[in-house]
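Descriptive structure summary
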Amino acid sequence: MGEQNHSPGKELQHWTQKEAPGKRSWHSHAYALGAISNFMSTFLTFPIYKVVFRQQIHAVAVSEALRQLWHEGPQYFYRGIYPPLLSKTLQGTLLFGTYDSMLCCLSPVGPHSLGNRWAAGLMSGVVEAVALSPFERVQNVLQDGRKQARFPSTISILKEFHSYGLWGRLSQGYYRGFWPILLRNSLGSALYFSFKDPIQNSLAEQGLPHWVPALVSGSVNGTITCLVLYPLIVLVANMQSHIGWQSMPSLWASIQDVWDTRGRKVFLIYRGGSLVILRSSVTWGLTTAIHDFLQRRYHSRKEPKD
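Residues numbered from 1 in each chain as written. Predicted model: local features only at pLDDT ≥ 70, side-chain atom pairs only at ≥ 80, totals over all residues. Heavy atoms only, no water.

The criterion, for reference: UniProt positions are given in the numbering used here, feature names are shortened, and annotations may be inferred rather than shown by experiment.
The protein chain goes by Solute carrier family 25 member 53 in an unreviewed UniProt entry, where it is assigned to Bos taurus. For the protein chain, the Subcellular location (unreviewed entry) comment in UniProt is given as "Mitochondrion inner membrane". The UniProt entry for the protein chain carries this comment under Sequence similarities (unreviewed entry): "Belongs to the mitochondrial carrier (TC 2.A.29) family."

1. Observations concerning the overall build of the protein chain
This is how the line gets drawn: In this description a helix means any DSSP run of H or I spanning at least four residues, a strand means any run of E spanning at least two, and both kinds are numbered starting from the N terminus. Any two residues whose heavy atoms approach within 4.5 Å at even a single point are treated as in contact. All accessible areas in this document rest on Shrake-Rupley with a 1.4 Å probe, and a residue is counted as covered only by the protein chains that are shown.
Looking only at helices and strands, the protein chain features 13 helices and zero strands. Shown N-terminal to C-terminal, the secondary structure of the protein chain runs as helices and strands in the order α-α-α-α-α-α-α-α-α-α-α-α-α. Put simply, of all contacts in the protein chain between residues at least 6 apart along the chain, 80% involve residues at least 24 apart. Of the roughly 14,500 Å² of accessible surface on the protein chain, a fraction of 67% belongs to carbon and sulfur atoms.

2. Considerations on the pattern of salt bridges
To be explicit about the condition: Salt bridges are defined as contacts in which a side-chain nitrogen from Lys or Arg sits within 4 Å of a carboxyl oxygen from Asp or Glu.
Inspection of the entire model under this criterion finds six salt bridges. The partner of Arg-264 in a salt bridge is Asp-260, and the shortest N-O contact between them spans 3.0 Å.

3. Here's the deal with helix α10 (residues 230–241)
What counts here: What a helix is expected to span follows from its residue count: subtract one and scale by 1.5 Å. Throughout, exposure labels follow a simple rule: accessible area from a 1.4 Å probe, protein chains only, divided by the maximum for the residue type, with under 20% read as buried, over 50% as exposed, and the rest as partly exposed.
The end-to-end C-alpha distance of α10 is 17 Å, a good match for the 16 Å that 12 residues give at a rise of 1.5 Å each. Across the 12 residues of α10, 11 count as buried, placing the element largely inside the fold.

4. Considerations on the nonpolar core
Burial of nonpolar side chains together is a common tendency in soluble globular proteins. Our working rule: We define a nonpolar core as any set of buried Ala, Val, Leu, Ile, Met, Phe, Trp, Tyr and Cys residues linked to one another through side-chain atoms lying within 4.5 Å.
With 14 residues, the main nonpolar core has Val-51, Tyr-230 and Val-276 as its most contacted residues. When contributions to this core are tallied by element, the ones reaching two or more residues are α2 (28–58), α3 (62–72), α10 and α13 (273–302). When neighbours within four sequence positions are excluded, Val-51 is seen to be in contact with Val-62, Ala-65, Leu-66, Leu-69 and Leu-275. Counting residues in hydrophobic clusters, the runner-up holds 10 residues, among them Val-138, Ile-157, Phe-161 and Met-248.

5. What about a nonpolar patch on the surface?
Cut-off, in case you're wondering: Only residues whose relative accessible area exceeds 30% and that form no salt bridge are eligible for patches; like-charged ones are grouped when within 9 Å, while nonpolar side chains (Val, Leu, Ile, Met, Phe, Trp, Tyr) are grouped when within 5 Å.
Taken together, Trp-179, Leu-251, Trp-252 and Ile-255 make up a surface patch of nonpolar side chains, about 470 Å² in accessible area. Broken down by element, the residue count for the nonpolar patch peaks at three residues, all from helix α11 (residues 251–261). Inspection of the secondary structure assignment puts Trp-252 in helix α11.

6. What to know about unusual backbone geometry
Residue Arg-264 is not a glycine yet carries a positive backbone phi of 55°. Looking at where Arg-264 falls in the secondary structure, it is placed in the loop between α11 and α12 (266–269).

7. Some thoughts on helix α7 (residues 166–174)
Where we set the bar: What the arc measures is the spread of directions leading from the helix axis to the C-beta atoms.
Within the sequence span of α7, burial applies to Gly-168, Gln-172, Gly-173 and Tyr-174. Buried residues in α7, looked at end-on, bunch into an arc of 150°, giving them a common side. Residues of α7 that are exposed and point more than 90 degrees away from the buried face comprise Leu-166 and Trp-167. Along its buried surface, α7 packs onto α5 (114–143) and α6 (154–162).

8. Describing the packing of helix α9 (residues 211–228) against α10
The test is simple: Note on geometry: axes are lines fitted to C-alpha atoms, helical ones only across the stretch in contact, with angles between N-to-C directions running from 0 to 180 degrees. All residues other than Ala, Val, Leu, Ile, Met, Phe, Trp, Tyr, Cys, Pro, Asp, Glu, Lys and Arg, Gly among them, are scored as polar; the first ten of these are nonpolar and the last four charged.
In the contact formed by α9 and α10, the axes pass within 4 Å of each other and the chain directions differ by 65°. On the side of α9, the interface is formed by Cys-226, Leu-227 and Val-228, while α10 contributes Tyr-230, Pro-231 and Ile-233. When its residues are assigned to classes, the contact of α9 with α10 shows six nonpolar, no polar and no charged.

9. Things to note about the environment of Tyr-82
Along the chain, Tyr-82 turns up in helix α4 (residues 82–106). Owing to a relative accessible area of 67%, Tyr-82 belongs among the exposed residues under this scheme. Put simply, Tyr-82 and Thr-154 are 72 residues apart on the chain and 9.6 Å apart in space, counted from C-alpha to C-alpha.

Here it is in structure tokens:
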């Protein structure tokens with residue numbers, strides 16, 4: 001380990017194979033490393049995310065989204081950061097931790113096939129969607145500038161949801177837009193984990209420093225995944241910005257509304273794509289690089305004891 005020709009994916013399989021078969025089907029460190037990686041990348045990239053969100057809601061240019069945020073003042077620029085910071089930290093915990101656990105169940109001693117990585121990624125995305133949809137819902141309401149006067153805080157949003165009744169709290173409150181979220185997260189996780197290691201391995205074989213393949217792999221893979229699923233991202237943002245029991249359009253009505261407000265043109269749905277590419281590249285590049293670095297540190301400390 002530590003030589004230039006050792007690729008990250010092969011090292012991961014080496015670490016997996018060193019575990020005694022049947023010793024354990026999950027690794028607690030995978031959850032911790034995922035949490036730290038996502039926390040750091042989310043904090044660093046939140047300003048980009050907020051500009052992108054305004055574009056998705058109002059279908060405006062980058063300059064107009066920036067103008068809106070500037071007009072509202074710096075005290076509102078980080079408004080809504082706590083829900084995504086908490087949700088993304090939990091996302092990293094579930095995403096990487098569940099993926100590692102599922103992969104150990106599907107292929108305890110390796111090697112990990114494309115099918116194993118796809119299935120483990122798909123399941124981690126399902127768990128993520130079920131656990132984190134309520135956080136995304138609150139976050140999207142908080143970041144919609146049109147809702148600031150009526151819902152100035154997280155507490156005010158939660159009070160609104162609790163006025164809907166038991167079923168309403170779930171279907172129209174916390175889990176508004178759940179089906180497109182489930183599709184987006186499961187497919188996104190499956191794509192990310194399926195191709196992250198192959199891209200990283202091919203770059204590592206060129207003798208580059210360890211952090212470069214991880215950064216580039218995360219950036220390329222995250223960007224492509226996000227662009228493929230971008231229509232679902234726009235749909236979720238618009239569905240979850242609605243609040244109020246009487247003003248909740250159905251899933252199909254929401255799809256029609258997004259299509260109509262974008263002039264029935266695909267390229268208008270992708271408006272703001274330049275910032276999406278930037279945000280995805282930076283976020284997933286940082287997340288993957290940080291996670292890879294922490295994983296190497298963990299195993300380098302552990303190896304002498306084994």
